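Listed below are the residues making up each chain.
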Amino acid sequence: MKEEVRLMKGNEAIAHAAIRYGCDGYFGYPITPQSEVLETLEELMPWETTGMVVLQAESEVAAINMVYGGASTGKAVMTSSSSPGVSLKQEGISYIAAASLPALILNVMRGGPGLGTIQPSQADYFQATKGGGHGDYHLIVLAPSTVQEMVDFVGLGFDLAFKYCNPAMILADGIVGQMMEKVVLPEQRPRRTDEEIRKQCPWAANGRKDGRKRNVITSLELESSRMEVINHKLQERYREIERNETRWEEIDVEGADYLIVAFGSIARICAKAKEMAAEKGIKVGIVRPITLWPFPTEAIHRAAQGKKGILCVELNAGQMIEDVRLAVHDAIPVEHFGRLGGIIPSPEEVVVALEEKIVK
Amino acid sequence: MDIKDIIRPENKVYCKPELLDEVHMHYCPGCSHGVIHKLLAEVIAEMGLTDRTVGVSPVGCAVFAYNYIDVDWVEAAHGRAPAVATAISRLWPEDVVFTYQGDGDMSAIGTAESIHAANRGENIVMVFVNNAIYGMTGGQMAPTTLVGQKTATTPYGRRVDLNGHPLEITNLLAILDGTCYVTRQSVHTPAAVRKTKAALKKAFENALAKKGTSVVEVVATCNSGWKMSPEKANDWMAEHMFEKYPLGDLKNN
Amino acid sequence: MKEEIIIAGFGGQGVLSMGKILAYSGLMDDKEVTWMPSYGPEQRGGTANVTVILSDERISSPVLDTYDIVIALNQQSLDKFAPKVKKGGILIYDTNGIHNRPTRDDITIYPIDAMDATLEIGNSKAYNMVVMGALLEAMPYKLPMENVIKGLKKSLPERHHKLIPLNEQAIEKGRTLLAK
């Protein structure tokens, strides 16, 4: 398949992108608002073309453990779900992180807590960036704001996951999952051959070919002194990821009096609000964290220099704002604006919040 | 014939299987796991599957199975071994994948994964060691604990009104269209050991032939958890367990 | 060029698919496009609406407060979105079942008899394409018909391509409604 320009939903785009990346396996369980990922894959039947395995599991728990199994063998495997389903996956995600395995997890967030709503939300920021499951670990968390980024982050997510042997998460919201946009699908990449996988992943448990020593994928180590060493190694890797992989976008930060920090599709609503504010003579710049972990702490610290205040706009009750406050050391006022329960704020609402909370 | 003659290779009648590692097992003396490990190591080597076998170890007493049998292993979360094995088997169809699960793993926390993997007819082998108790955590009740059996969480014996009935998970798996071979064996006598080995071999053959899911239950002892000598445990098992969990094939397609 | 459009009506009127065809037509004309539905339970039986943005440049917010063009296909949608037409913008509404007509004089208002026109064509499924015709005629950005046809082809599954001439006929019919 050649490069192709299409109009599609973010969720559909994920399925196309996975196939074209050369993903080996997808394991998922339907949940609104992301069921189109599995539906699209089943419709496209990639097992007939690239040989990609697609399986509807009996639960999110089973699906993430299938991902754990597939990742243990060096294959490029992924799952997708939405908030309540991602809560169920946390056990497996912790194991995948602890066993240092590459895998990709998509969360198309909906409003919670509990069963909540099926409308868009960003209330899983804490869960995604601060661990989510048990133990000291981090996922590489990518926050797409466009359908094109949904496509691009499948490739980026897998690449980073394999580079660092660490699970990556695409933390999307229902907006970018459900909206349709123009998207450029990349050219089909061939899936790696089994020989290539054995070479790339000498640690993988896929059969002791050529009499090599056995590979064991485990997160268990009852000897505390050895478990501490394992933890230190994980932490060293996280520091390396922080140094190398922090990503963000800045819009008109230079010369602005105020900053908006927002991620995902909400950053685009804020970009419109920024234009509307400019018409009123309020000069606003935007910092959009692209990696939520590692968080662009230094970039926000730099961008905040000389600004009069920061508005953190999130579809939650105030989660990323904690990281923004840490970034600016309380040097300037940092306020939060968000809608809850699946309500999407309009650009006008953001302008009003900016005026009431920051500009004053 | 003196001692030197006896140790000549041509006089050798028994040896440790080549795939069984030279390490001390953590299992209690008298535990059935060691015998079952040995049989698996023998079957894998004899069938020439060493370079294409992946084992999935459980949470439970056999959590360290990966330290004893010299093939590739993935250590699963509690109950999730069949899901893990599903993915490995589908992504590496040339490999033979087996799970090794206890009664908690198979019939409590992992019931859904076990039933659905078997129902999909995954081409895997599920080895199910049923000793009617949770050994690793200190002898608590398992779903397969017999009525009246004393455990750390049923100190006065399992009561149906409080704890429900012993779960015959293997019988459940046998009625699923995805299973091709479901058998219940034990390892308490030399004859039983030989039968179990034959059952494991058949199960691995089925996986190679892509016939669907094979389930080999091994009714086993936990002399520590049961608080008995190994010998007494064997007798108690034969006397009490086989009535609820009778040996033999439940399905052989 | 930038057109910020909302199409609003009942679920089942083909609002979402009209939005999709419009967006795909824009894409075929080399525009940046977004299609943002209100989705979920609202889709079934209640109101359905979709925001479509066509632009020469990168599109920021897919969610808007005000619109260049509002298409309202029932009273509820008309009441809700008529006030949200930008000054100098366009409001198109189907007169069928409308008892409170909009009164703004700072926008261009096109009442259309899309339902009647659809009945004349004789296929109720063509309703949304009749409305689409009116929109294409009223919209300052002139979307070439060849790209609309391409958009139709891309939006419809192959098995429905035999319906493209009918859709084309409906669009042409819709274009005539503004003149009335």
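All chains use their own residue numbering, which begins from 1 and follows the written sequence. Chain labels run from A onward and ligand labels from 1 onward, assigned in the order the entries are written. Predicted model: local features are reported for residues with pLDDT of at least 70 only, side-chain atom pairs are reported and counted for 80 or more only, and whole-chain, interface and lining totals are derived from all residues.

Asks: When you look at the overall build of chain B in this model, what are you seeing that I'm missing?
Replies: Of regular secondary structure, chain B possesses 10 helices and seven strands. Taking the principal axes of the C-alpha coordinates as reference, chain B spans close to 60 × 45 × 30 Å. This entry defines residue contacts through backbone-placed C-beta atoms, with two residues in contact when those atoms are within 7 Å. Across chain B, the fraction of contacts at a sequence separation of at least 24, relative to all contacts at a separation of at least 6, is 67%. Secondary structure counts use DSSP, requiring at least four H or I residues in a row for a helix and at least two E residues in a row for a strand, with both numbered from the N terminus.

Asks: Whenever I open this one, the overall build of chain C confuses me. Can you help?
Replies: Broken down by element type, chain C carries six helices and six strands. Restricting the calculation to C-alpha atoms gives the radius of gyration, and the globule rule supplies 2.2 Å times the number of residues raised to the power 0.38. Taking 180 residues into account, the globule formula puts the C-alpha radius of gyration at 16 Å, and chain C, at 15 Å, falls close to it. Backbone-placed C-beta atoms define the burial measure: a residue is buried with 20 or more other C-beta atoms within 10 Å of its own, exposed with 12 or fewer, and partly exposed in between. A total of 180 residues make up chain C; the buried ones form 47% of that total.

Asks: I tried to follow the interface of chain A and chain B on my own but got confused; where do I start?
Replies: The parts lose accessible area when they come together, and the size of an interface is often stated as this lost area. Taken together, the 33 residues of chain A in the interface contact 29 residues of chain B. Mapped onto the side of chain A that touches chain B, the elements with two or more residues apiece are strand 2 (25-28), strand 3 (53-56), helix 3 (60-72), helix 4 (83-98) and strand 9 (216-217) of chain A. At seven residues, helix 3 of chain A tops the list of elements feeding residues into the side of chain A that touches chain B. Note that Gly is not counted as nonpolar here; it falls among the polar residues with everything else outside the nonpolar set of Ala, Val, Leu, Ile, Met, Phe, Trp, Tyr, Cys and Pro and the charged set of Asp, Glu, Lys and Arg. Within the side of chain A that touches chain B, the residues separate by chemical class into 13 nonpolar, 13 polar and seven charged. Sheet analysis places strand 9 of chain A next to strand 2 (residues 72-75) of chain B, joined by two bridges and oriented parallel. Any two strands with at least two DSSP-identified bridges between them are counted as paired.

Asks: Looking at this model, I keep getting lost on the nonpolar core. Mind explaining?
Replies: Soluble globular proteins tend to pack their nonpolar side chains together in the buried interior. By convention the nonpolar core is taken to be a set of buried residues drawn from Ala, Val, Leu, Ile, Met, Phe, Trp, Tyr and Cys and joined through C-beta atoms within 7 Å. By size, the foremost hydrophobic cluster in this structure holds 253 residues, and its most contacted members are V67(A), C270(A) and V84(B). Lining this core are residues from two domains, each supplying at least three of them: domain 1 (4-195) and domain 2 (248-359) of chain A. Apart from the residues within four sequence positions on either side, V84(B) is in contact with N65(A), M66(A), Y68(A), G69(A), V56(B), V74(B) and A76(B). What counts as a domain boundary in this text is fixed by an automatic or database domain assignment.

Asks: I tried to follow unusual backbone geometry on my own but got confused; where do I start?
Replies: What is expected of a backbone is that most residues other than glycine have negative phi and most peptide bonds are trans. Residues and elements named next belong to chain A. Of note, the amide linkage connecting T32 to P33 takes the cis form, showing an omega dihedral of 5°. Note that P33 resides in the loop between strand 2 and helix 2 (35-44). A cis amide bond links W293 to the next residue, P294, at an omega of 0°. One can find P294 in the loop between strand 13 (291-293) and helix 11 (297-303). Residue S100 is not a glycine yet carries a positive backbone phi of 55°. With respect to the element layout, S100 can be found in the loop between helix 4 and strand 5 (104-109). When the 19 C-beta atoms within 10 Å are taken as the criterion, S100 is described as partly exposed. Phi is positive for D210, which is not a glycine, with a value near 55°. Mapped onto the elements of the fold, D210 is located in the loop between helix 8 (194-200) and strand 9.

Asks: What should I look at first to understand the pairing of strand 15 (residues 334-337) of chain A in this one?
Replies: A regular strand carries its side chains on alternate faces of the sheet. All names here are of chain A. Examined bridge by bridge, strand 14 (residues 309-313) and strand 15 share four bridges and lie parallel to one another. Among the inter-strand pairings, L311 is bridged to a residue of strand 15, identified as E335. As a crossover connection, the stretch from strand 14 through helix 12 (residues 320-328) into strand 15 is right-handed. Orient the strands so they point away from the viewer, and a crossover whose first-strand-to-second-strand path over the helix runs clockwise is right-handed.

Asks: Quick question: what am I supposed to make of helix 2 of chain A here?
Replies: Because an α-helix completes one turn every 3.6 residues, residues spaced three or four positions apart along the sequence face the same direction. Among the residues of helix 2 of chain A, E36(A), V37(A), L38(A), T40(A) and L41(A) are the ones counted as buried. Once helix 2 of chain A finishes, M45(A) follows within two positions and takes phi at roughly 45°, a positive value.

Asks: Would you take a moment to explain the interface of chain C and chain A for this structure?
Replies: At the junction of the two partners, chain C supplies 18 residues and chain A supplies 18 residues. Going through the elements one at a time, helix 1 (15-28) and strand 2 (32-37) of chain C are the ones with two or more residues in the side of chain C that touches chain A. Here the side of chain C that touches chain A gets six residues from one element, more than from any other, and that element is strand 2 of chain C. The residue makeup of the side of chain C that touches chain A, split by class, is 11 nonpolar, four polar and three charged. By the bridge criterion, two bridges tie strand 8 (residues 180-185) of chain A to strand 2 of chain C in an arrangement that is antiparallel.

Asks: Could you clarify how one ought to interpret the sheet that holds strand 1 (residues 2-10) of chain C in this entry?
Replies: The pairing of strands in a sheet comes from backbone hydrogen bonds and takes either a parallel or an antiparallel form. Taken together, the eight strands give an open sheet; going across it, the order is 1(A)-8(A)-2(C)-3(C)-1(C)-4(C)-5(C)-6(C), and neighbouring strands pair in mixed fashion. Looking along the sheet, the strands with just one partner apiece sit at the ends: strand 1 (4-9) of chain A together with strand 6 (108-112) of chain C. Direction aside, the axes of adjacent strands within the sheet are offset by 20° on average. Of the strand pairs in this sheet, strand 1 of chain A and strand 8 of chain A are connected by six bridges, and their pairing is antiparallel. Interaxial angle, 0 to 180 degrees, is taken between N-to-C directions of lines fitted to C-alpha atoms, where a helix line uses only the stretch in contact.

Asks: Please explain the sheet that holds strand 3 of chain A as it appears in this structure.
Replies: Residues and elements named next belong to chain A. The seven strands lie next to each other as 3-2-4-5-7-6-13, forming an open sheet whose pairing is mixed. Each edge of the open sheet carries a strand with a single partner, namely strand 3 and strand 13. Looking at each pair of strands side by side, their axes are set apart by 20° on average, direction ignored. As paired elements, strand 4 (residues 77-81) and strand 5 share four bridges and run parallel to each other. Pairing of S81 across the sheet is with N107, part of strand 5.

Asks: What should I look at first to understand the packing of helix 2 (residues 33-46) of chain B against helix 8 (residues 190-208) of chain B in this one?
Replies: A packed helix pair is summarised by two numbers, namely the angle formed by the two axes and the spacing between the axes. Residue and element names in this part refer to chain B. The interhelical angle for the contact between helix 2 and helix 8, taken along N-to-C directions, is 45°, at an axis separation of 10 Å. Judged by the inter-axis angle, helix 2 sits oblique to helix 8. Remark: the crossing between helix 2 and helix 8 carries right-handed chirality. Residues V35, L39, L40, E42 and V43 of helix 2 lie in contact with helix 8, whose contacting residues are V193, T196, K197, L200, K201 and F204. Under this scheme an angle from 65 to 115 degrees is roughly perpendicular, one under 35 degrees roughly parallel, and one over 145 degrees roughly antiparallel; angles in between are oblique. Handedness of a crossing is defined here by the sense of rotation of the near helix relative to the far one, left-handed for an anticlockwise turn of less than a right angle and right-handed for a clockwise turn.

Asks: What should I look at first to understand the environment of K154(C) in this one?
Replies: Residues and elements named next belong to chain C. When you line up the elements, K154 lands in helix 5 (residues 145-155). By the C-beta count within 10 Å, which is 16 here, K154 ends up partly exposed. With 132 residues separating them in the primary sequence, K154 and L22 have C-alpha atoms 11 Å apart.

Asks: Sorry, what's going on with the pairing of strand 14 of chain A here?
Replies: All names here are of chain A. With four of its five residues buried, strand 14 lies for the most part within the structure. Here strand 11 (residues 258-262) pairs with strand 14 via five bridges, running parallel. Counterpart to Y258 in the pairing with strand 14 is G309.

Asks: Whenever I open this one, the arrangement of the chains confuses me. Can you help?
Replies: When the two pairs of chains in contact are compared, the highest contact count belongs to chains A and B. Contact between chain B and chain C is absent, and the least distance between their C-alpha atoms amounts to 30 Å.

Asks: What is the right way to read the environment of F81(C) from this model?
Replies: Residue and element names in this part refer to chain C. Here F81 lies in helix 2 (residues 75-81). For F81, a count of 21 C-beta atoms within 10 Å translates into the label buried. In this structure, the C-alpha to C-alpha distance between F81 and I6, residues 75 residues apart in sequence, is 8.4 Å. Beyond its immediate chain neighbours, meaning those up to four positions away, F81 contacts I6, A8, V70 and A72.

Asks: Hey, could you run me through the packing of helix 1 of chain C against helix 5 of chain C in this one?
Replies: Residues and elements named next belong to chain C. At a minimum axis separation of 7 Å, helix 1 and helix 5 run at an interaxial angle of 120°. Compared by their axis directions, helix 1 and helix 5 come out oblique. With respect to the hand of their crossing, helix 1 and helix 5 are arranged in right-handed fashion. Facing K20, I21, Y24, S25 and M28 of helix 1, the residues of helix 5 in contact are N147, V148, K150, G151, L152, K154 and S155. For the contact of helix 1 with helix 5, the residue count by class is five nonpolar, four polar and three charged.

Asks: Hey, could you run me through the environment of L27(C) in this one?
Replies: All names here are of chain C. On the secondary structure map, L27 appears in helix 1. Of the residues examined, L27 has 24 C-beta atoms within 10 Å and is grouped as buried. The spacing of L27 and V148 is 121 residues in sequence and 9.6 Å in space, taken between C-alpha atoms.

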